[in-house]
Amino acid sequence: MGARFVSVDRDTPMLLPPDLRDWVPEDDLVHFVIEAVERLPLERFRVNHRGTGDKQFPPHMMLALLIYSYANGLFSSRKIERATHRDVAIRYLCAGTHPDHDTICKFRRENFEAFRESFVDVLELARELKLLKLGNVSLDGTHLKANASIDQNVNYQRAVEIRAQLRLDIEELLAQAETADTEDQDSQKLPEEIARREKLASKMERAIEELEARARQRQQKAEAKYEEKKAERREKQKKTGKKCTGRDPKRPEKKAEDSSEQCNLSDPDARIMRKNKRASFTQSYNAQAAVDADGSQLVVGQHVSQSAGDYAELENGVASIPGELGKPAAVLADAGYVNADAFDRLQEAGVEIYCSVHREDAHNERHYDFRPETASGRVVKDPTDERLVAMRDKLRTEKGKALYGRRNHTVEPVFGIIKAAMGFRGFSLRGKENVSGEWTLVCLAYNLKRLHGMMGGAKRGTHEAKSTSAGWSPSRISLVGGWLGKIIHAILLQFQRLHAGLTAKLALTPTGS
């Protein structure tokens, strides 16, 4: 018996206009995103004013488009524009309209503050739905690649040398252009070469200014530490009445040319980072997230840091939690956040800290350790600072163990979902301010994706209600449309047969008859 195949007919047009809502599953994320965004106040969103009198795309649609696209791994404005033609769910979201990539990119670039407000509004929505109650919070960070190449870094001395060489080259090219004008020679390529070198020279100038600014910041910090040490020394002399032994603190002199620090020409705000000694160096940002550790796993606070480590990010992470949500009861953090002074300041503010003072292996005992003895037999060093000793003892209590045990399976999966499920591993924009806005958008998309999952997939109700009120359900409309299509298709085939028979009959009839 021969195989039977489904008939694939691409030539017959649809006899009734299709309803895209019938093509999108009822539990698709797009329905939840549209309904959630429609509830947000978007008065502060800016639209793309062209000055031509053309109608603008509404902010609700543009925000929903960005959130749904980011939640499904589309981050490029050109790919999002292409998806408005190819993706059924996005085509439904945009109602058949197609904003171009420039409109999408400009809307994203000009509405960072509005994204932050929407981030807070979504968290308040989750609280209204009884899905979020701020209590214990897990804090962690991850390195995300910047939109810049690590090969575009230059230090201060090299930037000064290249700038001087470029100036000489530009002067030489200008002289060649003047000679060509006087001797009537072909000099079409000279303006392009001059413009290219001038552009590179301006980049070097910005890099030199950036490195000098960083050197001034380092000098100010060093001066502050120097004055602090001098004050401590004077205080000690007053108490003891004796001159302090040892050398006097030396006034620091940190100049830009004395540092090996580099500046990236593509994104001066990005920094060279690596996760650990076994990882490679990348041009990245440190994306921080504070995640609810009491069940919802929603991102309740987020910010971006230029520091490769997390030492100075504990207070910034707590401060990133919106005041509308209140103050967290406890913050859970790994050993990268160990900072005794920050512990004191946060605990004075009423925030309980549970921060490991040892590496994570100290908390995860392995019954069968497959690592070599050089790695598995490392001795865990005990802290000497009294504040860190107290923190270690607090984590060894039953309550401390139970709370800190939540950290691993609350904040780590969030980064896993963002990187693996959503596919976000690097920023599209440049500059810390733009990158911070994009990270807010990523966390906003994650939160809506998470809320949709917590609610079991929001069922679309608007279309069904409208269809039912009219006396027709979507299934009945599809059924009637299918039967009409078959009937009309059969009539067309019969008409084609009659037309073919009539044509053949006329062809056989003699001309003179």
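Residues numbered from 1 in each chain as written. Predicted model: local features only at pLDDT ≥ 70, side-chain atom pairs only at ≥ 80, totals over all residues. Heavy atoms only, no water.

Before going further, it helps to spend a moment on the pairing of strand E8 (residues 352-355). One ladder, built from 4 bridges, connects strand E7 (residues 330-333) with E8; its direction is parallel. Residue pairing for E8: Leu332 is matched across the bridge by Tyr354. One crossover worth recording links E7 to the parallel E8 by way of helix H10 (residues 340-348), and it is right-handed. (Pairing = 2+ DSSP bridges. Helix = DSSP H or I, 4+ residues; strand = E, 2+ residues; numbered from the N terminus. Right-handed = clockwise from strand over helix to strand, strands pointing away.)

With that settled, the discussion passes to the packing of helix H1 (residues 29-38) against helix H14 (residues 432-454). Where H1 contacts H14, the axes come no closer than 10 Å and their chain directions differ by 115°. Taken as axis vectors, H1 and H14 run roughly perpendicular relative to one another. The two elements H1 and H14 cross, and the hand of that crossing is right-handed. Seen from H1, the contacting residues are Leu29, Phe32 and Ala36; seen from H14, they are Leu448, Lys449, Leu451 and His452. Taken together, the residues of the contact of H1 with H14 break down into 5 nonpolar, 1 polar and 1 charged. (Axes fitted to C-alpha atoms, helices over the stretch in contact; angles between N-to-C directions. Parallel < 35°, antiparallel > 145°, perpendicular 65-115°, else oblique. Left-handed = near helix turned anticlockwise from the far one by under 90°. Contact = heavy atoms within 4.5 Å. Nonpolar A, V, L, I, M, F, W, Y, C, P; charged D, E, K, R; others polar.)

Right, let's talk about the side chain of Ser320 for a bit. Take Ser320: it is sitting in the loop between helix H9 (314-319) and E7. Discounting residues that sit within four places of it in the chain, Ser320 has contacts with Val300, Gly301, Gln302 and His303.

Below, the discussion takes up the environment of Ala177. Assignment of secondary structure puts Ala177 in helix H7 (residues 156-182). Overall, Ala177 belongs to the buried group, its relative accessible area being 18%. Spatially, the C-alpha atoms of Ala177 and Pro191 are 8.0 Å apart, while their sequence positions differ by 14 residues. (Buried < 20%, exposed > 50% of the residue type's maximum accessible area, 1.4 Å probe, protein only.)

Taken together, Arg78, Lys79, Arg82 and Arg86 make up a surface patch of like positive charges. Tracing the backbone shows Arg86 in helix H3 (residues 77-86). (Patch = residues over 30% accessible without salt bridge, like charges linked within 9 Å, V, L, I, M, F, W, Y side chains within 5 Å. Areas by Shrake-Rupley, 256 points an atom, 1.4 Å probe, with all protein chains shown as cover. Salt bridge = Lys/Arg side-chain N within 4 Å of Asp/Glu carboxyl O. Lys, Arg positive; Asp, Glu negative; His and termini not counted. Charge placed at Lys NZ, Arg CZ, Asp CG, Glu CD.)

Among the nonpolar cores identified, the biggest contains 97 residues, and Leu63, Ile67, Val300, Leu314, Ile353, Phe424 and Trp439 are the most heavily contacted of them. Ignoring any residue separated from it by four or fewer positions in sequence, one finds Val300 in contact with Phe119, Leu123, Leu132, Leu134, Val137, Ala290, Val291, Asp292, Ser320, Ile321, Pro322 and Leu325. In terms of nonpolar packing, the next biggest core, distinct from the first, is built from 16 residues, Tyr156, Leu166, Ala207 and Leu211 among them. (Core = buried A, V, L, I, M, F, W, Y, C linked by side-chain atoms within 4.5 Å.)

Attention now moves to H14. For H14, with 23 residues, the first-to-last C-alpha span of 32 Å sits near the 33 Å given by 1.5 Å per residue. Positive backbone phi, approximately 75°, marks Gly456, located one or two places after H14. (Expected span 1.5 Å × (residues − 1).)

The subject of this paragraph is the environment of Ala83. Mapping Ala83 onto the fold places it in helix H3. Residue classification places Ala83 among the buried residues on the basis of a relative accessible area of 7%. Each C-alpha atom of the pair Ala83 and Ser69 lies 8.7 Å from the other, and the pair is 14 residues apart in sequence.

Our next topic: a nonpolar patch on the surface. On the surface, Met14, Trp23 and Val88 cluster together into a nonpolar patch covering about 320 Å² of accessible area. The topology assignment puts Met14 in the segment before H1.

On to the side chain of Ser69. Its place among the elements puts Ser69 in helix H2 (residues 59-71). Look at Ser69 and you get buried, because its relative accessible area is 1%. Excluding anything up to four places from it in sequence, Ser69 contacts Leu74, Ile80 and Ile90.

Turning to the confidence of the model for the protein, a few remarks are in order. Averaged over every residue, the pLDDT of the protein is 82; residues scoring 70 or more account for 81%. Here residues 460-485 is a poorly scored stretch, pLDDT under 50, and it has 25 contacts once near neighbours within four places are set aside; other chains count. (pLDDT = per-residue confidence, 0-100.)

Take the packing of aromatic side chains next. Taken as a whole, this structure holds 7 aromatic pairs when the rule is applied. Between Phe107 and Phe115, the aromatic rings sit 6.4 Å apart at their centres with planes inclined by 65°, giving edge-to-face as the arrangement. On the accessibility criterion, Phe107 (5% relative accessible area) is buried. When the ring of Phe424 is compared with that of Phe427, the centres are 5.4 Å apart and the planes differ by 75°; the resulting orientation is edge-to-face. When its relative accessible area of 5% is taken as the criterion, Phe427 is described as buried. Chaining the aromatic ring pairs together yields one cluster made of Tyr70, Phe75, Tyr285, Phe424 and Phe427. (Phe/Tyr/Trp six-rings, centres within 6.5 Å; stacked < 30°, edge-to-face > 60°.)

Once that is clear, we can look at the pattern of salt bridges. Inspection of every chain in the model, using the stated rule, returns 21 salt bridges. Residues Glu193 and Arg196 are paired through a salt bridge, measuring 3.0 Å at the closest nitrogen-oxygen approach. One end of the pair is Glu193 and the other is Arg196, both in helix H8 (residues 189-240) and 3 residues apart, which spans about a single turn. Among the ionic pairs, Asp334 bridges to Arg407, the shortest N-O distance being 3.9 Å. One end of the pair, Asp334, is in the loop between E7 and H10; the other, Arg407, is in helix H13 (residues 398-421), and 73 residues separate them in sequence. Of the residues examined, Asp334 reaches a relative accessible area of 13% and is grouped as buried. In this structure Arg407 comes out as buried when scored by relative accessible area, which is 2%.

This part takes up the pairing of strand E1 (residues 136-145). With 8 of 10 residues buried, E1 is to be regarded as a mostly interior element. With 3 bridges connecting them, E1 and E7 associate as parallel partners. By the bridge assignment, Ser138 is partnered in E7 with Leu332. With 9 bridges connecting them, E1 and strand E5 (residues 282-292) associate as antiparallel partners. Bridge assignment links Gly141 to a residue of E5, and that residue is Gln288.

In this structure, the largest pocket encloses a volume near 1200 Å³. Taken together, the elements giving at least two residues each to the lining of the largest pocket come down to E1, E5 and H13. Top contributing element to the lining of the largest pocket by residue count: E1, with 6 residues. Among the residues forming the lining of the largest pocket, the class breakdown is 6 nonpolar, 10 polar and 16 charged. (1 Å grid on protein atoms, 1.4 Å probe; cavity = no way out; pocket = protein on both sides within 12 Å on 5 of 7 lines; lining within 4 Å. Points joined across faces, edges and corners; volume = space filled by probe spheres on them.)

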